[in-house]
Amino acid sequence: MRFSRIAAVAAAATVAEAQRPTDTSICDYYTTALLKENTAKNQYTLLTLVVNTVVIGNYTMPNVGIKVPGILAAGQYEGTDVNLLPYFTGELASTNRGGKSGVSVNFLDGGAAEPLMKNMPANDMNSKQYFLLTHLYQFFGSLLGCSQQGMPGFDAYTAAASMYKVHKFMDLNPYEVGYFIQQVGMAAASFGVAEEDVKAVGTALNSLFGYRCAPPATAIKAQGPALQSICIDGACPVSPMANGTCDPAYEPVLVPVNTTSNATKAAPGAQGTATMSGSGSGSGMMPTMSSMPSAVPTAGATAYGVSFAAAAAGVAALLI
Ligand code: HEM
Ligand SMILES: *[C@@H]1O[C@H](CO)[C@@H](O)[C@H](O)[C@H]1NC(C)=O
Ligand SMILES: *[C@@H]1O[C@H](CO)[C@@H](O)[C@H](O)[C@H]1NC(C)=O
Ligand SMILES: *[C@@H]1O[C@H](CO)[C@@H](O)[C@H](O)[C@H]1NC(C)=O
Ligand SMILES: *[C@@H]1O[C@H](CO)[C@@H](O)[C@H](O)[C@H]1NC(C)=O
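The structure contained in this document is the topic of the report that follows. The structure presented is a predicted model; accordingly, all values stated were derived computationally and were not measured.

**Brief notes about the coordination of the iron atom of ligand 1**
- One donor from the polypeptide reaches the iron atom of ligand 1: His167 (NE2), at 2.1 Å.
- Mapped onto the elements of the fold, His167 is located in helix α8 (residues 163–167).

So, in structure tokens, the structure goes:
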């Protein structure tokens, strides 16, 4: 039933030629460009297409000729092997369910890739997969400024406000987070999103989530500020907004246990350290990844109208 919509994606190649007006959000602009009417339902469809592509790689025919592996596929980021799949299958006990350490959860329990290829979040609306995917549609819909979100057809995001809390037992490093953000950018590009918009999204994601010890920031306006660092491994660069301190609410990093071997996760790159909590005045405060931006970019995203550009703007407005 959605084939006519998907076919509209064929027009994507021409979309990138035009310049998005600064008063139109990325979500609104590309919903109109690809699906014609800028309705809540169509915005939900756009986010479904993009997020499903982020997860399983490009699956819609045709696309604009950009191959997207997807975050479930093993790959490389800046020459380092990355494999995010074990966080989603339950192989790693890395999910925060409120305890002192992570637990094993299989997030591919709703049919895995098969429903995603049919533009659905899952076959089973009670599955972990369903909640994860729909939360991702909602979260990214908000980040991309979907004006109709909250109307019937596209629910607002009301799940966890702190991305730190959600990801705190994963010990994610810059390669893992970089790979994820790169897949988001490639998925968007595969639908014809213009390069400068792709860049704005990547910059904003990296600014909000790609640094450890980032002070509280607002990702979802209605939720207000919360700790947002997703990159928390010792190899992650320290947020330039942290001023050399780490909010004590960032706890010592725990490396998740591999449930098949009982060893801790085999991590590419530098291993996590437990030095980022507390006063945070130690050696751990120096950014260690030369491959990451050494400062939070201050322009760009806001100018392009990305609604989550507050962090990228690098301003005190965000800080508690
Ligand atoms: C910029 C990067 C990222 C963003 C914006 C992001 C965003 C999110 C959001 C919104 C949720 C749903 C939270 C909820 O349901 O309350 C989530 C869950 C999850 N994310 Fe991420 N994520 C990012 C990077 C990563 C990376 C690199 C991994 C590594 C595998 C990852 C793995 C997961 C997993 C396993 C869950 C399910 C956790 C749970 O339900 O407890 N994420 N993420
Ligand atoms: C993914 O995109 C590449 C490049 O356009 C294309 O060759 C491939 O067929 C696509 N894969 C699917 C499943 O659509
Ligand atoms: C860092 O310093 C700036 C400038 O003095 C200040 O506005 C900001 O609130 C500080 N951030 C934190 C987390 O203390
Ligand atoms: C992992 O540890 C648990 C509890 O100590 C033990 O029952 C299980 O047999 C171990 N599994 C492996 C693969 O070593
Ligand atoms: C978990 O342990 C198994 C068995 O040793 C190994 O093959 C796998 O690569 C490990 N996975 C991770 C994520 O460390």
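**A short note on the packing of aromatic side chains**
- Evaluated as defined, the whole model comprises 8 aromatic pairs.
- Note on Phe139 and Tyr157: the rings are 5.0 Å apart at their centroids and 70° apart in plane angle, and the pair reads as edge-to-face. Of this pair, Phe139 sits in helix α7 (residues 128–143) while Tyr157 sits in the loop between α7 and α8, and the two are 18 residues apart along the sequence.
- On the basis of relative accessibility, which here comes to 5%, the residue Phe139 falls in the buried class.
- Tyr157 gets classed as buried once you look at its relative accessible area, which sits at 8%.
- Relative to Tyr250, the ring of Tyr164 lies with its centre 4.6 Å away and its plane at 75°, an arrangement referred to as edge-to-face. Here Tyr164 is found in helix α8, whereas its partner Tyr250 is found in the loop between β5 (225–226) and β6 (257–258), with 86 residues between them in sequence. The residues Tyr164 and Tyr250 share a single accessibility class, namely buried.
- Aromatic rings pair up to connect Phe139, Phe140, Tyr157 and Phe209 into one cluster.

**Considerations on the environment of Leu72**
- Within the fold, Leu72 resides in the loop between α4 (40–56) and β1 (75–77).
- In the structure, Leu72 is positioned 17 residues away from Val55 in sequence and 6.0 Å away in space, judged by C-alpha atoms.
- Excluding residues within four positions of it along the chain, Leu72 makes contact with Val55, Ile56, Leu85, Phe88 and Leu108.

**With respect to the site of ligand 2**
- If you check the shell around ligand 2, you find Asn58, Thr60, Met61, Asn63, Gly65, Ile66 and Lys67 and nothing else.
- Taking Asn58, its side chain carries an N or O atom lying 2.3 Å from an oxygen atom of ligand 2.
- The separation between an oxygen atom of ligand 2 and a polar side-chain atom of Asn63 is 3.0 Å.
- In isolation ligand 2 has 360 Å² of accessible area, and contact with the protein removes 56% of it.
- Classifying every residue of the shell around ligand 2 gives 2 nonpolar, 4 polar and 1 charged.

**Structural notes on helix α3 (residues 26–35)**
- Taken across its 10 residues, α3 has 8 buried, putting it largely inside the fold.
- Of all the residues in α3, the buried ones are Ile26, Cys27, Asp28, Tyr29, Tyr30, Thr31, Leu34 and Leu35.
- Following α3 by one or two positions, Lys36 adopts a phi angle in the positive range, close to 70°.

**Brief notes about unusual backbone geometry**
- Of note in this structure, Ala112 is not a glycine but carries a positive phi near 55°.
- Its place among the elements puts Ala112 in the loop between β3 (92–93) and α6 (113–116).
- The phi dihedral of Asn243 falls on the positive side, at around 55°, and the residue is not glycine.
- Looking at the element boundaries, Asn243 is found in the loop between β5 and β6.
- Asn243 gets classed as exposed once you look at its relative accessible area, which sits at 69%.

**Topic: the environment of Val82**
- Relative to the elements of secondary structure, Val82 occurs in strand β2 (residues 80–82).
- Each C-alpha atom of the pair Val82 and Asn173 lies 9.8 Å from the other, and the pair is 91 residues apart in sequence.
- Dropping the residues within four chain positions of it, Val82 is found in contact with Ala74, Gly75, Gln76, Tyr77, Tyr175, Glu176 and Tyr179.

Conventions adopted
- Residues numbered from 1 in each chain as written.
- Chains lettered and ligands numbered in written order.
- Predicted model: local features only at pLDDT ≥ 70, side-chain atom pairs only at ≥ 80, totals over all residues.
- Heavy atoms only, no water.
- Donors = N, O, S within 2.8 Å, 3.2 Å for Na, K, Ca; no water.
- Helix = DSSP H or I, 4+ residues; strand = E, 2+ residues; numbered from the N terminus.
- Phe/Tyr/Trp six-rings, centres within 6.5 Å; stacked < 30°, edge-to-face > 60°.
- Buried < 20%, exposed > 50% of the residue type's maximum accessible area, 1.4 Å probe, protein only.
- Contact = heavy atoms within 4.5 Å.
- Near = heavy atom within 4 Å.
- Polar contact = N/O pair within 3.5 Å; in protein donor to acceptor, adjacent residues only side chain to side chain.
- Areas by Shrake-Rupley, 256 points an atom, 1.4 Å probe, with all protein chains shown as cover.
- Nonpolar A, V, L, I, M, F, W, Y, C, P; charged D, E, K, R; others polar.

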